[in-house]
Each structure stands twice: as C-alpha cells, then as structure tokens.
Protein chains: 2
Amino acid sequence: MSEAAPETSAEPFCVKGFRLGGVVAGIKKRGGPDLGIIIAEGRVACAGVFTKNLVEAAPVTLSRARLVQEPVARVVVVNSGNANACTGEVGLKDATETAVLVAALLGCESRDVQICSTGVIGAPLPMEKLRTSLPVVLEAAHAHGLPEFARAIMTTDTRPKMRGESVLIDGVEITVAGACKGAGMIHPNMATMLAFVLTDASVDGRSLEAIWRRVCGRTFNAISIDGDTSTNDTALCLASGAASEQALTSEGLVAFEAVLDRVAGELSRDIVRDAEGATKAVSIIVRGAANEADARTAASTIATSPLVKTAIHGEDPNWGRLVAAAGRSGAAFDPARISVFVGDVLIFGQNRWHGALAERLAHEVMKRREFDITLDLGAGSWAHTVFTCDLSAEYVRINADYRS
Amino acid sequence: MSEAAPETSAEPFCVKGFRLGGVVAGIKKRGGPDLGIIIAEGRVACAGVFTKNLVEAAPVTLSRARLVQEPVARVVVVNSGNANACTGEVGLKDATETAVLVAALLGCESRDVQICSTGVIGAPLPMEKLRTSLPVVLEAAHAHGLPEFARAIMTTDTRPKMRGESVLIDGVEITVAGACKGAGMIHPNMATMLAFVLTDASVDGRSLEAIWRRVCGRTFNAISIDGDTSTNDTALCLASGAASEQALTSEGLVAFEAVLDRVAGELSRDIVRDAEGATKAVSIIVRGAANEADARTAASTIATSPLVKTAIHGEDPNWGRLVAAAGRSGAAFDPARISVFVGDVLIFGQNRWHGALAERLAHEVMKRREFDITLDLGAGSWAHTVFTCDLSAEYVRINADYRS
C-alpha cells in the first residue's frame, strides 16, 4: 500500500479524468480554505453512502435523491465551516441554488451536481460568499489538485487525509485515490465524516454502487470514535473510466474491490488516528460469532463502551469490561466459551483469568499507539472488526467547552 | 417524600418483620464493612429484577433461578469487595455453599436464601472469611440495622444510600424503606447496581413481581451513567406483610405502587447523584413519541451520547447534539416537528433555532446541579424519562487508572 505523501510526490494522487481544487471562500470563521470541488470531464459513475441519521442535512437530502435516480455525477462541491443542517426550508433552497449555480458555470444539469457541507449546525449558508467563490474554485481546479481539495474540506482535523494506489487490473494501470475528513471529537458541533474516492477504472454505476456499499461497510462504517453519527456523513466514489474503454471483467471487479478496500480502509483509519483527544487507535476484532449481525453488534458495543475506552486509555487489559460489554450487546454466546486476546496474548479463556504474567504482557502490548483486541465468542465463524480510539480526559475538555 | 437522614432519625427506616446488619468480613482490600444481611421473620414475598447481561455472576444465576421457582425468600446475603463473576464452576460452588451455610445457621431451606455480590471480577470468593463472618453478621442483625446494611454493600460510593416513607394505605400504616449502591464510574472494575426495598405491606409474591417489574422500569432501569450494565445488577423487593393480616385491596395496590415508585425513584437518583466524576444530574425527558419503545430508545440514546454528556458538563445548550442523537436512535419522527427545551426554555422548534437570548437562558438553567432536558418529538403521546449525569474529565481519570 502506498503511504500518504501529499507534498513531496511528483504525481500526488492524480486520477485520470478528474480535476480538483480548493479555495478560501470566507465561510470558516477562523479562515483557511473552505470550498472544494471535484470535476469530472463528463458524466461519470458515482456511488454514495449517506448518514443513517433521521435528522439529515439539506445537502444530504438532495445528493441522496439524485443518486437514487441515477448513480451518475459530473461535479462534487464541498464546503466546510457550515453544515447547512437543521436549517429547514431555507437550507434546501440554498443547497438547490448552489447546485444550479455550479451547473450553470460548468454547463451541465443541476442533477449531476453532488453537494456536501460540514461545520456549524443551525446557521444558514452564507450564500453571498458562495456566489462569489464558486466561479473561483471552478477556475482553480486542476489534475493535481487533490491536496488542495483535501485541505478545503478540513474542519478541526489536524492534517489533510489522502491515500492512493495504482495497480494493474485486467492488464491496465488503474489508480484509486481519495481524501476524507474527520468524524467525532470535534469542537464545536457534531462532527461530520466526508470521504471521496476517485478512480479511473471503467465500472458502471450500478456495479459501483454494490461494491461501494460493501467497501463502506468494512471501512467508513466500521470505525467508531464516540458512537455519535452526524447529520451530514457522506462517502462518495466516482469512476471516470478514463483508464480504459474496456469495462472491468468480473475478475477485474474483484481486484478493484480489494484496492478500494485498502484505500478506503487507510483513509477511514486516518480519521480515527486523527481523532481529537485520542492517544490510541485499536482494532476491536470479534470472531467466532454465530452470525454477521452478532459479530457487528458485539464489536460495536465494545468499541463504544466508555469503560472499555477509558481502560484502553489507561493501558489496562481489563478483560472484565470487555466480556461484560460483549454480554450486554445482544450477541448470542456461551460465556464459558469466550476468549479474550490483547495483541496475541490470551488473558481470559475457558472461563478463567490467565494470570498476572498474561496480564503484564497484555499491558505491554497496550503501551503501543496501535494494537488489536480480539474476542472469540466460540459460537460460530463470523467476524467483524471495528477500528476505534481511546476516551481521554482531553476528549471531554474539547467537547465540554462552551461554544462561543 | 421523606428525606434520607440516616444518622439523626430516631426510627431510621425500620420496617416491621425485618432485621438487618452489616459487619467487617475482611473481603474488601481497603477494609470497612463488606458483609450485609436482611433477615425476614419468616418466608416472605420477594420479587427480583436482575441484569440482562448475558455474562452474569454466579449469585445472579442462583438467585434468579430460585425466584423463578417461587417468589419467596427468608434472607438476603450481600458481600462487597468481590463480585464472584467470571469465576466459572468454582463461583457457582462458592455461591451455593454460602446459601447452604446461611440456611443452616438460620434453620431455613437454602432455596430461601438470596445472594448478591459486588466488587472485583474474576477472583474467587474468599470462602474462609465468609465461613467465619456469616454467623457474626446473623448475630449482628437488628430491627434498626438498615444504615449498617447500607454501609456494608458500598463499593466506591461516597455515602450510603437510604430512603424510606410511611403512608396510610387501606387504613393501615405501611412503611417502605430501602438501600442501594452505585452503578457505573467505579474503579477498578465494572460497577454493580444493587438495590433492596423492604415493606411491611401484605402483598402476595406474584402481585409483588408484577408491580416491582414496572417500578424498576421507571426507576432502577431508567437511570444511565455510562451505558454499561454490570454482570451483577440486582434489585430485590421483599414484603413481610407484618403491617396487617389483610392483603392490600386493588386500590391499595395502586397506592402501594406509587410509594414504591417514590422510594425506588429517589434511591435510583441517589446513585446518579453519587456517580464518580459527575457534576450534574439531568432528567432526559422524551415526550410526543409514537410509541413506548421509541420514547425509551430516544431517551436512552440521548442519555448515553458522549457528545450530549460532555455538552451537559460544559453547560452548553447544544441542541444540535440532542437532535442528532434523537435522529440516530431509531425512533420515528419528523425532524421539522421536534422541539427542544432546557428547563422550560424552548431553544429549538418549528425547524429553527430560537436565538441567542433563548440559548443564554438555557445556559443559565444548565448551571444548576440538577435540571431537565426535554425533547418533544411531535409524533404521538408516549413519554419516557432517563435520569443521567454528565461526562467529566474526572470520570476518564478514575476509569483509566491501571488496576493495581
């Protein structure tokens, strides 16, 4: 897997068929780039996975509706600094006007414009600033613009998040590259996860949809910071087809899904690694579950337990909290058959604690910045992994600060 | 409602038909009373509500099985300092032996002994200490012993928790009094909620079961500290019938349930008020829900959201987090019809923020130690209240400390 190296690489995450840009529109109070754009050369396949929160922001409502009609887009506009959420009729009008403006500037249909917003909830979009800056950002877009785009979508992320990879599939070089921004632990409001992955592979919209939904289930929907989901979460995948006129074969699609998994996986883990107040990034692996739902619910309950997360922060191999969280999750298993590992160290199994030495070894593993915790439920063969972080006093300080 | 005044009242929570006691058995590492007992004069009606955690401690397994057979008990033995959880076959053997020992000392059947344990998970019960101290605590029990019992069941609670009330029902003076110990936020392990409510009312076991289940749903099962449920949670209600030979009438049962609600309600709120690291106790009231399940799930999701709990800690009327937590809870509602109140202050409704003045007033309400937050979903007429606390940096410090 290629490492993120935004500023030094000669061809930083350049994907054929796309131009990207980011500019300062003056939406963010503290300044900095806050308007980003992705422009495809023509209409391209586009798959979207959106927040499941019943309270969804206006841009989510519009963008989701467009992709349900047809999994296609020409352009993606993203602003940071304002979420356009809980803004009622005005919010929908503003999001619609943004799409119409971009479509007019680019000479496309407004239904081919995807819109994303992130930032403060409940305040109306500053439309005057958007009207002024949309032509500027369109002008600024270029083939090597991913780093500028990645900076423009940041809120309190401490660093832009980009990942990319090129591989041979069906004998053709295919590039997959993307950017995302952080979720959770973000002051002053609900945090939003936005993720954009571009490829020059030739995949039709419906196939891309199915693949992207599976990939997101293993990546962007398998990370947890504080269990809260935002009103604006959006993950888009766009495929230009510029690498080849030949559509991917069925073997090619399998290889393509594996590349997407790697790029989206690293991007999603970058979000956890950059979570404010977090000092550890941990894979919670539940295996031996009776079915997929049990594996998911057990992993997610453990990953969101404040007692587990504070134990991780304290580097404490507190298997009692892990077993109890699994026990209340609703997953079916026989408590006598559960095993708990920290890294490779078995600390509880066959209904007994494995002693002070095992616990000391587990404590050593937990001193690392990244490690695995595995619970084998002994009830079947399903597994699920959630990537999460610790809960620190710093997290509380950041999120308890009165907005002002 | 009578106020808890353990040390000053002349007849502190004396319930006819019961003797109570508490002694030092040496189970707690740091010393102090750690073995408590409740002895009824004969076999009395006993209703139990136990943890729903799949991983349950040995005493829970035994006690639950006994009450399922017949809702009757003669004696309740409680130790603190050791949870007898995740202890496998040995744990069941030890709990059984404890019941047999107590039964022999008291001259009753071992099936009439209820056992509760709270404390460290995974270590075997120190049976030698129990064998020595069980005769001592039986000897120590007396009619005014509730305060001693309440102290013996404490783990890291900062104060014993007792509540009681006497009322006229069906022309007879009925007393309801009880004690409990804290859940959540407790170092070094999972915390357990144990609650014991005694009455001299004359109620048969099956009626008491039905009433107690409803009361617990509104009290001990309607508080939330950190969303984690313990392997040992137990709430018992015992009715001696010593107040009158006449069973309560159906009107009397309604009045009796109301008294139980008040006593159990205050006891359960005392647990939240004493939660370690907490600085605020807040009623999360969800009303206008389409059904009871929606009211419960929305209130519980809001009450366990780290973003909501840190906002409460920061006295920040962050309605965006409240609305978003309701939105992801799974409860059905139209986001345009939701209203959010802090105390009596409407801060969000009819799809708009109610301005800086409303927010300032709400901020003033949040400076109190106890207040209400109300979400009206505008979808029906069901309501549910969860009593919860804030999430402080102190909570993280307490729970992240490495056990040693």
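Presented here is a report on the structure given in the accompanying data block. Since we're looking at a predicted model, the values are computed, not measured.

With respect to the interface of chain A and chain B
Often, the extent of an interface is quoted as the loss of accessible area upon association of its parts.
Then, number 1: Taken together, the contact pairs 49 residues of chain A with 49 residues of chain B.
Then, number 2: Of the residues assigned to the side of chain A that touches chain B, the class counts are 20 nonpolar, 18 polar and 11 charged.

Details of the packing of helix α8 (residues 306-313) of chain A against helix α11 (residues 393-400) of chain B
Then, number 1: Remark: α8 of chain A packs on α11 of chain B, axes separated minimally by 8 Å, with the N-to-C direction vectors making an angle of 70°. If you check the angle between α8 of chain A and α11 of chain B, you find them roughly perpendicular. The handedness of the crossing between α8 of chain A and α11 of chain B comes out as right-handed. For the pair formed by α8 of chain A and α11 of chain B, the contact residues are L307, T310, A311 and H313 of chain A on the first element and V396, N399 and A400 of chain B on the second.
Then, number 2: Here the contact of α8 of chain A with α11 of chain B is composed, by residue class, of four nonpolar, three polar and no charged.

Structural notes on the sheet that holds strand β14 (residues 370-376) of chain B
Residues and elements named next belong to chain B.
Then, number 1: Taking strand neighbours across the sheet as the criterion, the seven strands line up as β8-β15-β10-β14-β11-β12-β13 in an open arrangement whose pairing is mixed. Looking at the sheet topology across the chains shown, the edges are occupied by β8 (223-224) and β13 (352-353).
Then, number 2: In the sheet, strand β10 (residues 281-289) pairs with β14 via seven bridges, with the strands oriented parallel. Following the sheet pairing, R287 is matched in β14 by D376.
Then, number 3: Running at roughly 130° to strand β12 (residues 345-349), helix α10 (residues 355-366) makes contact with β11 (339-342), β12, β13 and β14 of the sheet.

Concerning the sheet that holds strand β8 (residues 223-224) of chain A
Residue and element names in this part refer to chain A.
Then, number 1: If you walk across this open sheet you meet the seven strands as β8-β15-β10-β14-β11-β12-β13, and the pairing is mixed. Since the sheet does not close on itself, it has two edges, and those belong to β8 and β13 (352-353), each with one partner.
Then, number 2: Pairing of strand β11 (residues 339-342) with strand β12 (residues 345-349), which is carried by three bridges, proceeds in the antiparallel orientation. Within β12, the residue paired with F341 across the bridge is L346.
Then, number 3: Sheet contacts for helix α7 (residues 292-304): β8, β10 (281-289), β14 (370-376) and β15 (382-389); angle to β15, the most-contacted strand, approximately 20°.

Here we look at the relation of the copies chain A and chain B
Then, number 1: Relative to chain B, chain A is turned by 180° and slid 0.0 Å along the rotation axis, the superposed coordinates differing by an RMSD of 0.0 Å. With respect to symmetry, the two chain copies, as superposed, fit the operation of a two-fold axis. Residue A393 of chain A of chain A places its C-alpha closer to the rotation axis than any other residue of that unit, at 2.1 Å.
Then, number 2: Of the residues that chain A buries at the interface, 100% are likewise interface residues in chain B, meaning the two copies contact each other through the same surface.

Overview of the pairing of strand β3 (residues 72-82) of chain B
Residues and elements named next belong to chain B.
Then, number 1: With respect to burial, β3 is a largely interior element, 11 of its 11 residues being buried.
Then, number 2: As paired elements, strand β2 (residues 35-50) and β3 share seven bridges and run antiparallel to each other. Along β3, the bridge assignment pairs V44 with A73.

Comments concerning the nonpolar core
Then, number 1: I38 and L238 of chain A together with I38 and L238 of chain B are the most contacted members of the largest nonpolar core, which totals 272 residues.
Then, number 2: Dropping the residues within four chain positions of it, L238 of chain A is found in contact with I38, A40, V44, A45, C46, A73 and L198 of chain A.

A word on helix α3 (residues 127-140) of chain A
Residues and elements named next belong to chain A.
Then, number 1: Here α3 spans 20 Å end to end across 14 residues, near enough to the 20 Å set by a 1.5 Å rise per residue.
Then, number 2: Its axis deflected by about 35° at S133, α3 carries its strongest bend there, up to four residues before the proline P135.
Then, number 3: For α3, the full list of buried residues reads L130, S133, L134, V137 and A140.
Then, number 4: Buried residues belonging to α3 abut β1 (18-23), β2 (35-50) and α2 (88-106).

Considering unusual backbone geometry
Residues and elements named next belong to chain B.
Then, number 1: In the Ramachandran plot, N84 falls in the positive-phi region, its phi being about 45° despite a non-glycine side chain.
Then, number 2: Phi at C86 is positive, roughly 55°, even though this residue is not glycine.
Then, number 3: As for its placement among the helices and strands, C86 is situated in the loop between β3 and α2 (88-106).

Basis of the calculations
Residues numbered from 1 in each chain as written. Chains lettered and ligands numbered in written order. Predicted model: local features only at pLDDT ≥ 70, side-chain atom pairs only at ≥ 80, totals over all residues. Contact = placed C-beta atoms within 7 Å. Nonpolar A, V, L, I, M, F, W, Y, C, P; charged D, E, K, R; others polar. Axes fitted to C-alpha atoms, helices over the stretch in contact; angles between N-to-C directions. Helix = DSSP H or I, 4+ residues; strand = E, 2+ residues; numbered from the N terminus. Parallel < 35°, antiparallel > 145°, perpendicular 65-115°, else oblique. Left-handed = near helix turned anticlockwise from the far one by under 90°. Pairing = 2+ DSSP bridges. Least-squares fit on C-alpha atoms with pLDDT ≥ 70 in both. Buried ≥ 20, exposed ≤ 12 C-beta atoms within 10 Å, placed from the backbone. Core = buried A, V, L, I, M, F, W, Y, C linked by C-beta atoms within 7 Å. Expected span 1.5 Å × (residues − 1). Bend = angle between axes of the 7 residues up to and from the residue.

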